[in-house]
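Listed below, chain by chain, are the residues.
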Amino acid sequence: MKRRTQWLLSIIFLLIGFMVAVQFQTTSHETEMRDTRDVWEVREDLKIQQKHQQDLLEKIAGADQTIENYEKQSSREQVETLKGSIETLENKIGLQKKTGPGVELTIRPIFDEGASGQEYPSVSPHLLSRLLNELNTYGAEDISIGNERLTNLTPVRDVNGSTYVNNRPIGSLPLTIKVLAEDPEKLLDHMKASPSQDIFNIDNMEIVFEVRDQLVLPKYDDPLHLEILEEAGG
């Protein structure tokens, strides 16, 4: 096999391995759950984990199919297949800007007109992680929060009382979340029926959902810390 083909094959296997490996970390950013979780919370966690498992199995099957197709092709076809696969994988893990139909969420504060001295609300890591899990469960394909593109490695955490995404603060409300989905209307219906709105209302916030024909999500800019491969020889 030519060195160029070996190099491209190494790249695609590395990206496939990355996608499979990070699947196990999709919930690593979540805050610790309370020991007194009720039955509803346990069922929701089970549903989310089942979705993660299904996604992982689909990624493994896709990788197997890519390898099988590759082995049947000529050297030139192999190179073209690998280039196409690399571009597809980069798109899936958020390394490219992406556009498409979806749902735009705006989280904004609500205030009781009769109350005085109310504290300006903010979205905690726990609330944001819960909302993101629901979006992923109900059909979200790609998500951005403000100017931050989410990947399976995106941490959502508390830093000195502020919520950080991709190691950057999300800022104050209103907060815009863009979600690409194959069926935006179906996603919207699921989210309107979910308990998320009531949970945010408790903390003096509301979520406004709008279906958009065209949303633009930024690419993920932070380094993925993948090993740099260099072609040896001439």
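Colleague: Describe the overall build of the protein, naming the residues involved and giving the relevant values.
Modeller: Scanning the protein from terminus to terminus reveals 6 helices and 8 strands. Across the 234 residues in the protein, those meeting the buried criterion constitute 37%. In the protein, the proportion of contacts linking residues at least 24 apart, taken out of those at least 6 apart, comes to 81%. Per element, the accessible surface of the protein, about 14000 Å² overall, is 47% carbon and sulfur.

Colleague: Outline the packing of aromatic side chains, listing residues and values.
Modeller: One pass over the full model with this rule turns up 1 aromatic pair. For the ring pair Phe-111 and Tyr-120, a centre distance of 6.0 Å and an interplane angle of 45° mean the geometry is tilted. Its relative accessible area of 44% is what places Phe-111 among the partly exposed residues. With a relative accessible area of 43%, Tyr-120 lands in the partly exposed category.

Colleague: Got a sec to walk through the environment of Val-179? Specific residues and values, please.
Modeller: Within the element layout of this structure, Val-179 appears in strand 7 (residues 175-181). C-alpha separation for the pair Val-179 and Asn-136, spaced 43 residues apart in sequence, amounts to 9.4 Å. Apart from the residues within four sequence positions on either side, Val-179 is in contact with Pro-101, Gly-102, Val-103, Leu-105, Leu-135, Ala-140, Asp-142, Ile-143, Leu-187 and Leu-215.

Colleague: Outline the environment of Lys-219, listing residues and values.
Modeller: Looking at the element boundaries, Lys-219 is found in the segment after strand 8 (205-217). Counting along the chain gives 72 residues from Lys-219 to Asn-147, while the straight-line C-alpha distance between them is 8.9 Å.

Colleague: Summarise unusual backbone geometry; cite the residues concerned and give the values.
Modeller: Omega for the bond connecting Leu-173 with Pro-174 falls within 30 degrees of zero, at 5°, which places this linkage in the cis form. Within the secondary structure layout, Pro-174 lies in the loop between strand 6 (168-169) and strand 7. For Asn-167, which is not a glycine, the phi torsion comes out positive at approximately 65°. Within the secondary structure layout, Asn-167 lies in the loop between strand 5 (162-165) and strand 6. Given a relative accessible area of 45%, Asn-167 falls into the partly exposed group. Even without being a glycine, Asn-204 presents a positive backbone phi close to 65°. Looking at the element boundaries, Asn-204 is found in the loop between helix 6 (196-202) and strand 8.

Colleague: So what's going on with the nonpolar core? Residues and values would help.
Modeller: Ranked by size, the top nonpolar core spans 28 residues in total, and within it Leu-105, Ile-107, Val-123, Leu-131, Leu-135, Ile-145 and Ile-177 carry the most contacts. Among the elements of the structure, strand 1 (98-109), helix 4 (125-137), strand 2 (140-145), strand 7, helix 5 (184-193) and strand 8 are those that each provide at least two residues to this core. For this core, the leading source of residues is helix 4, giving 5 residues. Residues in contact with Val-123, not counting those within four places in the same chain, are Ile-107, Leu-128, Thr-163, Ile-170, Leu-173, Phe-200 and Met-205.

Colleague: Break down the pattern of salt bridges for me, with residues and values.
Modeller: According to the stated counting rule, one finds 6 salt bridges in the structure shown. The closest approach of N and O atoms between Asp-142 and Lys-98, which form a salt bridge, is 2.7 Å. One end of the pair, Asp-142, is in strand 2; the other, Lys-98, is in strand 1, and 44 residues separate them in sequence. Looking at Asp-142, the relative accessible area reads 5%, which means it is buried. Taken together, the salt bridges that share partners define one network made up of Lys-98, Asp-142 and Arg-149.

Cut-offs and rules
- Residues numbered from 1 in each chain as written.
- Predicted model: local features only at pLDDT ≥ 70, side-chain atom pairs only at ≥ 80, totals over all residues.
- Heavy atoms only, no water.
- Helix = DSSP H or I, 4+ residues; strand = E, 2+ residues; numbered from the N terminus.
- Buried < 20%, exposed > 50% of the residue type's maximum accessible area, 1.4 Å probe, protein only.
- Contact = heavy atoms within 4.5 Å.
- Areas by Shrake-Rupley, 256 points an atom, 1.4 Å probe, with all protein chains shown as cover.
- Phe/Tyr/Trp six-rings, centres within 6.5 Å; stacked < 30°, edge-to-face > 60°.
- Core = buried A, V, L, I, M, F, W, Y, C linked by side-chain atoms within 4.5 Å.
- Salt bridge = Lys/Arg side-chain N within 4 Å of Asp/Glu carboxyl O.

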